[in-house]
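Residues per chain are reported as follows:
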Amino acid sequence: MASIRDLRNRIKSVGNIRQITRAMEMVATTKLRRFQEKAVASRPYSQEITGLVSRLAALLGDDVSERPLFAEGAGQKVAILFVTSDRGLCGAYNSNLFRKAELWLAANPKVDVDWYVYGRKGYSYMTRRGRHVERFLVEPSLEQTDYRSAARTSKALVDGFLAGKYSRVLVMYTAFETMVRYVPTEFQFLPIQEVKAATDTQKTSGDVILEPDAAVIFDSLVPRYLETRIYNALLESLTSEYASRRVSMKNATDAAKTMGNGLKKVYNRKRQENITKELLDIVGGVEALK
Amino acid sequence: MATLTLRVITPDKIALDASVASVVIPGADGQIGILPRHAPMISALNAGLLRYTVDGRKSVLFVTGGFAEVRGETVRVVTEAGEKPEEIDEARAKEAEKRARARIAAGKTAEGDPVDLLRAEAALRRALLRLSARESR
């Protein structure tokens, strides 16, 4: 049985942990809000770009599928952009994505993968398993990411694809569905597939003036479209990370509270017992003197 | 008077959403003026000044390339950055101008990288456009 002093120390340290996790929870809440606002602010831009892409694709018709970023690449390897967090203490956020990666690798055992990694956690995971990390994207760190750095990442992937290194480029990230639901997700970044579907559903009516011409606009538009996809994936991952961290810190705070209460009960009972024992001793001593 | 809705959309925010009488956009092949009841159009943009008129007052906005789309009575400009004259950091633009000029000088004398020279020229063009947007306040 723990002594009174041990109990007192434990109560104190549980209380300290509770304070820390409470503070971390509040930090996560603030950051979560910031990334959510960023994600909301970027939505009109990506919607506009996506709309333009599908309208132009409709104007171009079948030519779209023959453009370079729409056909399978010449390379043998596959590049995967892997978006994880820099820091831990965010629940199963990272390990869920690791599991996703393992499942993918198990389903595609013969594929040689070049990993492009965001986040220290993903980097150490991949290097520990001896996987080839082509690039570890730390500059700027994920939290400071803005549209321009997302655009640079997108360009690095597109360049690798066009240089004939890769047959396909995938993105694995955590999609943010609701405050309590974050889903590890993968999508094919290159060659582009989704636009083809828009071609048959959307028909532009009447003549549209195109300046300089549809093909030229389209070719400069497609890189922008890809950039928005990367940027969205990064922002959604960040939002998921902080939502997940907030929940796990809240759970930790609650657990610390329950534990502290339990310990306090034991401590009080023990103290009472000691006092009773002492009283009995005194009473017994007095009896003996009589 | 008939008006157009002008929306300038960037990845960070909607830089401008206004009802305007006319717009001049820096199209890839030259300036394009747009008045109400314009035909549908999609155009690529160069870095340059977007000029528009609100209630008879002329304003400009610096855009870094992108795209413009005219659909119905709405002009949508999709660009990476749309800066109002008062948002432009003059000191920074001047600094960028100086740097770009130095890079061009270095690129021309030695057997400099032609790609770098092109980039420096583009940077210089952006810096000068920013400064001229700043002045037209």
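Residues numbered from 1 in each chain as written. Chains lettered and ligands numbered in written order. Predicted model: local features only at pLDDT ≥ 70, side-chain atom pairs only at ≥ 80, totals over all residues.

This next bit is on the overall build of chain A. In terms of helices and strands, chain A carries six helices and six strands. In sequence order, chain A lays out its α and β elements as α-β-α-β-α-β-α-β-β-α-β-α. Against the globule reference of 19 Å for 290 residues, chain A gives a C-alpha radius of gyration of 29 Å, more extended than a compact globule. Viewed in the frame of its principal axes, chain A has a C-alpha envelope of about 115 × 40 × 30 Å. (Helix = DSSP H or I, 4+ residues; strand = E, 2+ residues; numbered from the N terminus. Rg over C-alpha atoms; globule rule 2.2 N^0.38 Å.)

So, about the domain arrangement of chain B. Residues and elements named next belong to chain B. Parsing chain B into structural domains produces domain 1 (4-85) and domain 2 (89-135). Computed over C-alpha atoms, the centres of domain 1 and domain 2 are 25 Å apart. Taken together, the contacts link seven residues of domain 1 with six residues of domain 2. Here the side of domain 1 that touches domain 2 is built from residues that sort into five nonpolar, two polar and no charged. (Domains from an automatic or database assignment. Contact = placed C-beta atoms within 7 Å. Nonpolar A, V, L, I, M, F, W, Y, C, P; charged D, E, K, R; others polar.)

In this section: the domain arrangement of chain A. All names here are of chain A. Each assigned domain of chain A is listed here: domain 1 (4-21 + 249-289) and domain 2 (22-248). For domain 1 versus domain 2, the separation of C-alpha centres amounts to 53 Å. On the domain 2 side, the residues contacting the nine residues of domain 1 number nine residues. Mapped by element, the contributors of at least two residues to the side of domain 1 that touches domain 2 are helix H1 (4-60) and helix H6 (214-289). Ranked by the residues each element gives to the side of domain 1 that touches domain 2, the list is headed by H6, at five residues. Split into classes, the residues belonging to the side of domain 1 that touches domain 2 amount to three nonpolar, four polar and two charged.

All right, on to the interface of chain B and chain A then. Often the size quoted for an interface is simply the accessible area lost on bringing the parts together. Of the residues lining the interface, 21 residues belong to chain B; the matching set on chain A comes to 20 residues. Elements represented by at least two residues in the side of chain B that touches chain A include exactly strand E5 (41-54), strand E6 (57-71) and strand E7 (74-78) of chain B. No other element matches E5 of chain B, which puts four residues into the side of chain B that touches chain A. Taken together, the residues of the side of chain B that touches chain A break down into 12 nonpolar, three polar and six charged.

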